[in-house]
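Here is how the chains run, residue by residue.
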Amino acid sequence: MACLPLANIFARKTRTTISVLAVGVGVALFLVLIGLTSMLREIANRTTNVSAHLMVWPASDQVVLSGGLPADKVQGDLKAIPGVARAVAVLRWPLKMAGRVQNVYGIRPQDWDLFAGPDRMVEGRALESGDEMVIDTRLARAGPYRLGQTVQRWGRSYTIVGIAREGVAGRVFMPIRTVSQAMSQDVLRASFFYVRLARPEDVRPVREAIEARGLRVITFDEYYDVLASSFVDMDLVIAAVVFVAGFVCFLVILLTVYTMVVERTREIGVLKAMGASRAQVFSLVMAEAGLICAAGIVAGFLLTWASRALILDLQPLWTVDIPAVRFAYAAALAAGGTALGALHPARRAARQDPVESLRYE
Amino acid sequence: MADMETILEARGLTKVYRTDAAPTAALRGVDLAVRRGEFVSVMGPSGCGKSTLLYLLGLLATPTEGTVVLDGTDTGAISDGRRTRLRRRHIGFVFQRFNLLAALSAEDNVALALRLRHEAVQTRACEMLAAVGLDDKRRRRPGELSVGEQQRVAIARALVTRPDVLLADEPTGNLDSEASERVLDLIGRFHRDAGQTIVLITHNEKVAERAERLVRMRDGRIAGN
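**Student:** Sorry, what's going on with the sheet that holds strand 1 (residues 6-17) of chain B here?
**Tutor:** Adjacent strands of a sheet form backbone hydrogen bonds with each other and so pair up, either parallel or antiparallel. All names here are of chain B. One open sheet holds the four strands; their spatial order is 2-1-4-5, and the pairing between them is antiparallel. Of all strands in the sheet, those bounded by a partner on one side alone are strand 2 (24-35) and strand 5 (73-74). The sheet contact formed by strand 1 and strand 4 (residues 65-70) spans five bridges and is antiparallel. Across the sheet, Ala 10 pairs through a bridge with Val 68, a residue of strand 4.

**Student:** Please clarify how the pairing of strand 1 of chain B should be interpreted in this entry.
**Tutor:** As a general feature of sheets, a regular strand has side chains that alternate between the two faces. Residues and elements named next belong to chain B. By the bridge criterion, eight bridges tie strand 1 to strand 2 in an arrangement that is antiparallel. Across the sheet, residue Ala 10 finds its bridge partner in strand 2, namely Leu 32. Connecting the antiparallel pair strand 1 and strand 2 is a turn made up of six residues.

**Student:** I tried to follow the nonpolar core on my own but got confused; where do I start?
**Tutor:** Generally speaking, soluble globular proteins have nonpolar side chains that are buried together. Ranked by internal contacts, the top residues of the largest apolar core, which has 115 residues, are Val 23 and Val 285 of chain A together with Val 110 of chain B. If we skip the residues at most four places from it in the chain, Val 23 of chain A touches Cys 249, Val 252, Ile 292, Cys 293, Gly 296, Ile 297, Gly 300 and Ala 334 of chain A. By size, the runner-up hydrophobic cluster in this structure holds 51 residues, among which are Leu 91, Ala 116, Leu 139 and Phe 173 of chain A.

**Student:** Even after reading the chapter, I still don't get the packing of helix 9 (residues 234-263) of chain A against helix 12 (residues 324-351) of chain A, so can you show me in this structure?
**Tutor:** Two measures define how a pair of helices packs: the angle their axes make with one another and the distance between the axes. Residues and elements named next belong to chain A. Two numbers describe how helix 9 lies on helix 12: the axes approach to 7 Å, and their chain directions differ by 25°. In this view, helix 9 runs roughly parallel relative to helix 12, as classed from their interaxial angle. Judged by the sense of rotation from one axis to the other, the crossing of helix 9 with helix 12 is right-handed. Between helix 9, through Val 242, Ala 245, Gly 246, Cys 249, Phe 250, Leu 251, Ile 253, Leu 254, Val 257, Tyr 258 and Val 261, and helix 12, the contact on the second element is made entirely by Leu 333, Ala 334, Gly 336, Gly 337, Thr 338, Leu 340, Gly 341, Ala 342, Pro 345, Ala 346, Arg 348 and Ala 349. Residue composition of the contact of helix 9 with helix 12, by class: 17 nonpolar, five polar and one charged.

**Student:** Just checking my understanding: could you explain the domain arrangement of chain A for this structure?
**Tutor:** Accessible area lost when the parts come together is the quantity often used to give the size of an interface. Segmenting chain A into domains produces domain 1 (3-43 + 233-359) and domain 2 (60-213). Taking the mean C-alpha position of each, domain 1 of chain A and domain 2 of chain A sit 49 Å from one another.

Conventions adopted
- Residues numbered from 1 in each chain as written.
- Chains lettered and ligands numbered in written order.
- Predicted model: local features only at pLDDT ≥ 70, side-chain atom pairs only at ≥ 80, totals over all residues.
- Pairing = 2+ DSSP bridges.
- Helix = DSSP H or I, 4+ residues; strand = E, 2+ residues; numbered from the N terminus.
- Core = buried A, V, L, I, M, F, W, Y, C linked by C-beta atoms within 7 Å.
- Buried ≥ 20, exposed ≤ 12 C-beta atoms within 10 Å, placed from the backbone.
- Contact = placed C-beta atoms within 7 Å.
- Axes fitted to C-alpha atoms, helices over the stretch in contact; angles between N-to-C directions.
- Parallel < 35°, antiparallel > 145°, perpendicular 65-115°, else oblique.
- Left-handed = near helix turned anticlockwise from the far one by under 90°.
- Nonpolar A, V, L, I, M, F, W, Y, C, P; charged D, E, K, R; others polar.
- Domains from an automatic or database assignment.

This is the structure:
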C-alpha cells in the first residue's frame, strides 16, 4: 500500500512540487523570523557579557536628553555605596560603520579590563587616549576594517588601534573623553554605569541604595526584558507570522488534497470495489499529504539555510540564530497544518459511495 | 432455489433510486442463484438494471428491499465494514473501463489487490500476469499498454486474490473484436481450468453466448433464465 501514495505524488510532479514549495516557504518563514528575533537576544547577551552585575541608568528622560549623568560625580557616589566594588562609566553615542549605526562605548581606558579577558585582543592593543578606537572582529569583517585604518567621523579621523574578539558590550570602543569632545559636552557625562558588586548576593541592598539616590537599576537578568519591552509588537508579529505560516500549509494542503480526491474519484471507487475499507482509503489520502508535508519540511529547512546565508552575506552584522528545537517546532507546525488540511478531503474520500465513484466522469 | 452449491444468491432484490424528479426502480424483485463454478451471463438492453444487479451482488450498494446471500452469509443487515471485508475476500471485479490506477505499473496494479488484504506476495502478482500473457510487460504503466492488454491486467488484478466470484461488467465493451475474443477466451479459460465462478453482464448476444447460462433482463426484472 505504501507504493500508491508515492506513485501518485510522482505522477503529478508539477503539482507536487508547488505543494512542497508552499509548505517549505511556510516553514522557512517561521524559522527565519525566529532567527531574526535572535538579534535582540544577541544585543542583550553582548551588553551583559561584562564583568559586572548591574546597570545603572538615569531615572529621568530629561537627564538622557541632556547627554547623561555627570560621570565623575555619579561614579564617586556609586563607589561609596557599601557592597559596590567598582563603578564604570559608559558614554554611548551612535556612529555609522559598515553601513549600520553602531553604539560607540566611550570608556576610560583603565576600565578596559571590565570588557576584556586576557585573550580578547586579536590584533593591536587596548585604548590609551586620543582619537583612537577598538572594534570587534565581526565589525572588522563586515567593514571590512583593518588594524591601523582611519575612520572619518564627526569631522575627525579615528585610528583603529585594536581588534577585539566579538561578544562583549559594543562593537566600537573609544576613550570616553574623545566621545565627550565629539559630543561637545561641557562636563564629562555617562549614559549609564556598570556596577560590579563585592558579593553578588548583595544585589538587593545595593539596588535599594542606588535607587534611593534617584537612579534606575537594571540587573543583567532583567535587561533582555527591558530591551524587548521597547519592541512591544514583536510578540504580535511573531504570532502573526506563525499563524500565516501554519495557515499557508493548511490551505495549500487542503486545496491539493481536495483536488486530488476529486480527480481520483473513480480510482477511489475502484479501491473500494477491490475491498479497501474506509480506514484504508483515509490512510492513503493522509499518507500522500504526509509525504508532501515531509518533503516540504525538508525543503523548508534547506530554504532556511539558504535564506540565512543570504541575509548574513548581505547584512553581516545581523544575527540569525535558530536553535535546533525551533526546527522541531517548525516541523510540528507544518505537520499540524497538513493534518488539518488533509482531514476533510480524506474523510470525504473515505465516505464516497463506491457506485457513484465508479460512474464518475 | 438455494442449495449447498450456491455461492451467490439474490433474493427479491429491489433497488429504487430516489431523485429530485421521481423515484426510479432500477431492480424489481430479482431472484437469481449462482452455483459455485458456474459461468452466468446477464443480458439485456441498456437501462434494464444489469449494472445495478452487479453492484448489489458485489456488495457495492445496498438494496432497497431483498438481500444478497454470499457464501452462506445473509448480507442484509451487516455493517459496512463487514460488507467491505466480504467483498475483499470473496469478490473480484472487472469493469468495462478497466479502471487501472494510472500511477502504478501493471505489476503494482495487480499486487495492490493483495496489499489491500495485507498480503505482500509480489510473486503471485507476477504469476497472474504471466497467466494472462503479460509477464514481459509487468513494469509498464496502463498508458503504455493497449486497451486489450489493460483489460487483461484488470482480469489479473481481479483474480489474483482467488475470489469466489468474478463479477464482470461489460468487460469487452471498450475493446475491438480481436481484443474482445482474447479477453473472452481468457475468462473462459479461468472458468474451465480453475473452476472460477463468473457472472458477466453484457448487452452483446455473442458475448453472452460464451456462458453456460444466460439470464435475460428487462425493465429491472428477470425476463428469462
